[in-house]
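Residue strings, one per chain:
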Amino acid sequence: MEKSNDGLRVVLFPLPIQGCINPMIQLAKILRSRGFSITVIHTRFNAPKASSHPLFTFLEIPDGLSETEKRTDDKTFLFTLLNQRCEAPFHDCLAKLLVSSDSETQRISCLIHDSGWTFTPSVTKSLKLPRLVLSTYTVSFFLNHFALPKLRHEASQDSEQDDLVQEFPPLRENDLVRLLKEKREYLEPYLNMMLEATKSSSGIIFMSCEELNQDSLPKAREDFKVPIYAIEPSFSNFPASSSSLFTQDETCIPWLDKQEDKSVIYVSFGSLATMTGPELIEIACGLRNSGQQFLLVVRVGLVKGTEWNEVIPEELKATLNEKGKIVKWAPQQEVLKHRAIGGFLTHNGWNSVVESVCEGVPMVCLPFIWDQFLNARLVSGVWRVGLHLEHRIERNEIESSIRSLFFGNEGEAIRERMRLLQEKVGRSVKENGSASRALESLIDHISSF
Ligand code: UDP
């Protein structure tokens with residue numbers, strides 16, 4: 001029988017980007033479904049829509065970011081600024097909350113914050129509140145990315161080698177070169193603080209399961225020496241659509257309703273990746289030439305300096321519209337769940353990868369930044385449920401990868417492996433499955449504080 005957690009409140013603190021807000025809100029929904037009350041403290045920048053979650057309490061803190069700072073490409077710099085500017089307001093907000101909750105019937109049990117908030121140890125120490133960390137990365141990326149500054153010193157700059165990076169499997173040398181070229185000021189101090197904050201926490205939560213992290217979970221337990229909970233890979237139980245920062249184009253679903261089963265390739269690159277105009281045109285031409293129906297998300301800002309998709313010539317757009325649909329933002333989980341979807345050309349953000357696995361949709365991998373390189377190797381090389389474009393954004397490559405995925409023998413083998421992986425991951429959330437047991441342990445842990 002489930003224990004009652006009525007009377008216990010958990011405070012959550014997401015990092016203000018889409019790929020971090022979604023898993024935190026999913027965690028909030030899971031904890032709420034198990035009887036905990038939820039308070040979400042969030043920045044003014046990219047504030048989640050409180051009205052979509054009437055059962056949670058939302059408290060906003062100022063972040064002091066200027067408009068230019070909000071638009072920076074350097075996420076490490078952005079997170080460093082956020083950590084500097086939010087410490088005092090966060091401390092005040094949490095202190096007030098603790099004082100007011102003492103006088104009510106509800107006790108605050110702990111803080112769960114995104115691993116990207118690095119100032120939290122001193123705040124919770126001074127307020128004597130237990131603290132857990134949520135990592136929105138896959139376990140192996142989270143575990144190994146602390147070695148990036150060291151790898152940066154050692155790496156040869158232009159290796160196009162296909163060799164595995166020994167310290168960072170299953171990343172390849174050529175992925176590492178791309179990753180290390182990203183502009184990330186303050187990477188070393190930022191990662192050091194994150195590591196400290198993680199090691200001094202009362203545990204780490206991953207929105208994943210043992211089955212997706214077999215090699216890395218034992219090592220993570222050894223390295224971090226705190227309890228680790230991989231609790232929920234199956235986002236379909238707790239959809240993320242309600243935490244979207246973008247307006248979803250709901251016309252995607254009636255359009256998909258009109259398509260044949262497993263005939264459509266869904267194409268989306270998440271909330272952060274950017275590409276050049278010519279790259280978008282190559283993708284568009286690859287889609288057209290593949291002859292496959294497609295649903296293409298061109299986020300505002302995907303091509304820097306443009307309004308939307310005006311870099312695609314009108315003539316090409318007209319041909320594209322015969323076979324496909326272009327939107328600014330899709331209800332992704334609903335799309336992936338739709339019977340008409342047969343493949344996903346993706347940037348391999350961790351949420352997108354998990355959502356795709358949960359719906360059994362095979363992938364074409366086109367990673368752009370950061371953890372996406374590693375996730376793409378997991379998909380294509382370890383689980384072998386997708387094809388890797390090997391960073392070639394060329395129409396012929398895109399066309400042939402889509403054709404192979406939908407029609408070739410390789411595509412058939414990939415679909416079969418994806419079906420098995422989907423089943424395995426699905427079982428993890430059923431009674432006695434790995435994720436379901438991890439969730440029970442997490443709930444016991446939180447209730448024990
Ligand atoms: N997403 C969406 N509509 C889109 C594209 C993405 O709802 O058109 C959602 C997607 O379902 C996922 C999140 O946005 O939950 C993106 O997270 P991910 O980790 O895949 O990538 P990031 O945006 O962090 O690069």
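Residues numbered from 1 in each chain as written. Predicted model: local features only at pLDDT ≥ 70, side-chain atom pairs only at ≥ 80, totals over all residues.

- Under the annotation held in an unreviewed UniProt entry, the protein carries the name Glycosyltransferase and is attributed to Brassica oleracea var. oleracea.

## Some thoughts on the sheet that holds strand β6 (residues 204-206)
Then comes step 1: Strand order in the open sheet formed by 7 strands is β3-β2-β1-β4-β5-β6-β7, and the pairing between neighbours is parallel. Each of the sheet's edge strands pairs with one partner strand only, and the pair in question is β3 (57-61) and β7 (228-230). Here the strands of the sheet are splayed against their neighbours by 25 degrees on average, with no regard to which way each runs.
Then comes step 2: Pairing geometry for strand β1 (residues 8-13) and strand β2 (residues 37-43), over 4 bridges, is parallel. For Leu12, the partnering residue across the bridge sits in β2 and is Val40. (Pairing = 2+ DSSP bridges. Helix = DSSP H or I, 4+ residues; strand = E, 2+ residues; numbered from the N terminus. Axes fitted to C-alpha atoms, helices over the stretch in contact; angles between N-to-C directions.)

## Examining the site of the ligand
Then comes step 1: If you check the shell around the ligand, you find 19 residues, and the closest are Gly19, Gly270, Gln332, Gly349 and Ser352.
Then comes step 2: For the shell around the ligand, the secondary-structure elements that each account for two or more residues are α1 (18-33), α13 (332-337) and α14 (350-359).
Then comes step 3: The leading source of residues in the shell around the ligand is α14, at 4 residues.
Then comes step 4: Class assignment of the residues belonging to the shell around the ligand gives a composition of 6 nonpolar, 12 polar and 1 charged.
Then comes step 5: Shared between two domains, the shell around the ligand takes at least three residues from each, and those domains are domain 1 (2-233 + 428-448) and domain 2 (246-427). (Near = placed C-beta within 6 Å. Nonpolar A, V, L, I, M, F, W, Y, C, P; charged D, E, K, R; others polar. Domains from an automatic or database assignment.)

## Examining the confidence of the model for the protein
Then comes step 1: Summarising the model, the protein shows a mean pLDDT of 94, and 96% of its residues fall at 70 or more.
Then comes step 2: Of the two predicted TM-score estimates for the complex, the pTM is 0.96 and the ipTM is 0.99. (pLDDT = per-residue confidence, 0-100.)

## Regarding the environment of Phe36
Then comes step 1: Structurally, the position occupied by Phe36 is in the loop between α1 and β2.
Then comes step 2: Other than its neighbours up to four places away in sequence, Phe36 contacts Asn5, Leu8, Arg9, Val10 and Leu31. (Contact = placed C-beta atoms within 7 Å.)

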